[in-house]
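A closer look at the structure
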Amino acid sequence: MLNLPKLEKNELRKEFAKDYKSYYSTKLFEEEGFERRKCKECGKNFWSAEERELCEDPEHTPYTFFKDKPKSVGYVEFWKKFAKFFSDNDHAVIDRYPVVSRWRQDLYFTIASIQDFQRIENGAMGFEYSANPLIVPQICLRFPDIENVGITGRHFTSFMMAGQHAFNYPKEGYWRDRTIELNYKFLTGMLGVKKENLVYSEDVWAMGDFSEFGPCLESFSNGLELVNSVFTQFENVNGKAKELPDMVVDVGWGFERLMWFYTGFDNAYDAVFHDIIEKSKGKLSFEMESDHFRKFAKYSSELDVTEKGSYRDKVRAILKKTGITEQEYERKVKPMQAFYATLDHSRTLLFAISDGALPSNIGGGYNLRVILRRALGFMSEYKMGLGLMDMAEMQAKELKGLYPELEEHLDILSKVIDIESKRYEKTTENAGRIINALIQKREKIGKEQLRTLYESNGITPELISTVAAKEGIKLDLPEGAYEDIIKGDFAEKKKAVRVDLSVENFPKTEPLYYKFATESDSKVLHASKNYIILDRTPFYPEGGGQEADHGKIGGHEIIDVQKIGNVIVHIAKGDIGKASELKEGKKVKCLVDIDRRNRLMAHHTSTHLMSAASRSVIGKHAWQEGTRKSYDKAHIDISHYDKLNEAEINKLEQFVNGALLNGIKVSIEEMERGKAEGEFGFSIYQGHGMPTKTMRMVIIRDRDGKLIDAEACGGLHVAGKEYAVGMVKIINTSRISDGVDRIEFVAGNAALDYFDREHTQLSSAAETLNTDMFKLVEKEAKLKEENAALMKRAIEKEEKLAGIMAEELYSKHVEGSKKTELSIEIDEPRETMRRALSGLTKKNEKLLVLAKNGKGDVVCVRGSASKKSALEFAKNTFGAKFRGGGSDSFAEGVVTN
Ligand SMILES: [Zn+2]
Ligand SMILES: [Zn+2]
């Protein structure tokens, strides 16, 4: 065990450096004559074959790998070279994992290749791998640097981490000597790095919470960090560093970076997207003129927004250094930056949507929408001449040899882009007005404001600059404009449990519900307030969207059950703390409400069926986002780019009922995690199941044994009681957010209840209306028609009456009088008063007339030739007693007493 005051990177650096022979030196360094030195500039320890004063950190060493005549290489072709090197050196080559991190529920997306193999169980990290050692062409998505993408020449939102991993050392795998030997061979052999230009810097790598960490060696050449070889050697045990029993070599080769170095282009985008850029050239509305861009690109890494300083100042400095004018920058450099960014964004969207993510305003989908909008903004600003779909199609084609699945998902991507573009257009229509108001104020726009603008109006920072530029205003956006807009990689924590009781000192509650028990004699371990803890329980605690069992414990009504850690807490209806039958140590009878249990199970199994139906009817992208299984209904939320239509809803119902009518078989199997993933794929993490060493798999097959659905799930299902589901009826669908549809349905007894209620309602309505239940629609149409005719006649009569009244009022109050202001009492409803008064003012247009009825309703109308105010008249007549409103020509209200 390392002895450290605290787990902190600098402490670890010092500690590892003290004993560098154990943590950093390797056989290869000895054999090839690499010696340990200290950088004069940054103080880092590094190893090099030749005497040198500086390490190769780009902070103080400029890039020197650009070639005058870069050599292009295809993405897939380059991967094949890479893969051959490692398979020649005894590594298995495995397929990539999805970019949507379904098996790590604390992350939205896959952000590193090692994540493929990590499984968190009870807060501890374990590894699951199909070969050892291995390499994997893992596409990763990261969004924090979004503003740099397209600009700095080296940032991407999607990139391949070509993962080289060896697990379980010293029992299997390999350690530092072999890692660095392979690293050296690959870099000097395949990548053509000169030995004298190769530098290995010593550093420390750690998980964010220091749960795992270890020394690492970073390989640098010509100012570029080529790869970081991480040796995960320690874990954090109560703040102390303890050596892991199974250590892991984690080398995440940044594939884009390697291509960049290998080809020698002046920016990574030209290296990575070379063939696509070539194909695009004729179609783009601007010229891919590289002279200005090339001059600019030499320094563009200085534009990293995460580095200090104003972005505009940094640009100005580069323009000065390169002699590029402001105009040339606007016309020749910026469109290319936008094009590069869009190429990256199109590829990210292609991978994300292929793997089942969708742009939305929640979770990981939020970041996808941000980049989609950024890309659409660039498209419209620079009139690119190529659409996002054109780019995505080229990407899919280019990557086919490595990722053939991308082409299959182009049509769904196209639908998503279509819908999102329409939304974006709507946004920009309103945006002009909002942004104009903002820039007229000439205030500095802060990050907080930028976030509000994006979240409430969908306005991206670029859109603000564009609109401002159109107005001829140069607007300085804050540095790191996207910082507050973009969501971090980590998913938000789930809601806290609402039990106000500390359970630390209680043993694990033995669950009896998995054996389908509905009653037990249990020992009371604790009872206070309305909480009961037992040694064992048949009560299913709320979990995985399934509501808790209800029932009775020692005669007391139980209305909720929660699991906290391994302890199950029963929540009684009232305060039972002093009940004698619940004294600590006593045995009590537990009885679960069986009807409720059966309904919850029927709803849970039918939710799995609905999930399978969604993937079959709506598409592979229809992942489950949330569920609820209650007593009287259930719902499932699925990700989908559009509102479900009638035909889709019918198909979903047919799928589920078709399966049920044909007969289903539900089985629950304990399976090794690796086996379950291999057999059923990652859709087993569809719902709420967490990857654990052995998984509780709920498998639904049809009568012939054909698989319908398989999910890791901790809920209760109708295994052996499949008949209890009966049938399923969708009772409602709604769009709960713009990437998610909610399907509400009823099954089993709840379905019967539903039909019963429906029938009662309909037959009672039919009886009242004196018709047959199935003729209600016709009857309704007929009634509507009759009603309309009656209304029409009533209005006609009303008008006639008002006409007569107007005549009467005229002869009584107006004829022969010179008064132009009149106050009268009429005992008629407001509607009639209105009509009568307007008839009167038509007969004498100079008249202003006010009427009041016995209920205190007041109406005041002004003739078209009068210059007085109706509202003022009403107010003056009744003072504060008048409650109402209106205008100069008409007013109404009530007079209160
Ligand atoms: Zn240095
Ligand atoms: Zn489930």
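See the structure shown above.
Here the structure is a predicted model, which is why all the values come from computation and not from measurement.

Helix and strand content of the protein: 24 helices and 31 strands. Expressed as lengths along the three principal axes of its C-alpha atoms, the size of the protein is roughly 120 × 85 × 55 Å. Taking all 897 residues of the protein together, the buried fraction comes to 53%. Counting only contacts in the protein whose residues sit at least 6 apart along the sequence, the fraction spanning at least 24 positions is 66%. Separation between the mean location of the 134 positive side-chain charges and that of the 141 negative ones in the protein comes to 3 Å.

Let us now look at the pairing of strand β20 (residues 624-629). Sheet topology places β20 next to strand β21 (residues 634-639); 5 bridges connect them, and they run antiparallel. In the sheet register, Lys-629 faces β21, and the bridge partner there is Ala-634. Counting the residues between successive antiparallel strands, the hairpin from β20 to β21 contains 4 residues.

Within the first shell, the zinc ion (ligand 1) binds the protein through Cys-39 (SG), Cys-42 (SG), Cys-55 (SG) and His-60 (NE2), at distances of 2.2 to 2.3 Å. Taken together, the 4 donor atoms coordinating the zinc ion (ligand 1) and their angles of 106 to 118 degrees define a geometry best described as tetrahedral. For the zinc ion (ligand 1), all donor residues lie on one chain, and their spacing in sequence is C-x2-C-x12-C-x4-H. With Cys-42 in the loop between β1 (35-38) and β2 (45-48) and Cys-55 in the loop between β2 and α4 (75-88), this residue pair connects regions lying 13 residues apart in the sequence.

What follows is about the side chain of Asp-57. Topologically, Asp-57 is positioned in the loop between β2 and α4. Contacts of Asp-57, omitting those with residues within four sequence positions, involve Lys-44 and Phe-220.

Positionally, Lys-620 belongs in the loop between α18 (594-617) and β20. Separated by 264 residues in sequence, Lys-620 and Gly-356 place their C-alpha atoms 6.6 Å apart. Setting aside residues up to four positions removed in sequence, Lys-620 forms contacts with Glu-408, His-409 and Arg-615.

With that settled, consider the nonpolar core. By size, the foremost hydrophobic cluster in this structure holds 179 residues, and its most contacted members are Phe-82, Trp-253, Phe-339, Met-384 and Met-697. For this core, the leading source of residues is helix α11 (residues 326-354), giving 13 residues. When near neighbours in sequence (up to four residues on either side) are disregarded, Trp-253 contacts Phe-82, Phe-86, Met-160, Met-161, Ala-162, Gln-164, Asn-183, Phe-186, Leu-187, Leu-226, Val-227 and Leu-258. Core analysis: the next-biggest nonpolar cluster, separate from the first, contains 50 residues, Ile-532, Phe-539, Cys-590 and Leu-716 among them.

In spatial order, the strands read β20-β21-β26-β25; together these 4 strands make up an open sheet with antiparallel pairing. Both edges of this open sheet fall to β20 and β25 (728-737), since each of them pairs with a single strand only. Taken over all neighbouring pairs, the strand axes of this sheet differ in orientation by 15 degrees on average, direction set aside. When β21 meets strand β26 (residues 740-747), the two strands line up antiparallel, connected through 6 bridges. Residue Ile-638 lies in a different strand from β26, and its bridge partner there is Asp-741. Where α18 meets the sheet, it contacts β20, β21, β25 and β26, and its direction lies at approximately 135 degrees from that of β26.

Reading the values: rules and limits
- Residues numbered from 1 in each chain as written.
- Chains lettered and ligands numbered in written order.
- Predicted model: local features only at pLDDT ≥ 70, side-chain atom pairs only at ≥ 80, totals over all residues.
- Heavy atoms only, no water.
- Helix = DSSP H or I, 4+ residues; strand = E, 2+ residues; numbered from the N terminus.
- Buried < 20%, exposed > 50% of the residue type's maximum accessible area, 1.4 Å probe, protein only.
- Contact = heavy atoms within 4.5 Å.
- Lys, Arg positive; Asp, Glu negative; His and termini not counted.
- Charge placed at Lys NZ, Arg CZ, Asp CG, Glu CD.
- Pairing = 2+ DSSP bridges.
- Donors = N, O, S within 2.8 Å, 3.2 Å for Na, K, Ca; no water.
- Tetrahedral: all angles 85-135°; square planar, octahedral: opposite > 155°, others 65-115°.
- Core = buried A, V, L, I, M, F, W, Y, C linked by side-chain atoms within 4.5 Å.
- Axes fitted to C-alpha atoms, helices over the stretch in contact; angles between N-to-C directions.

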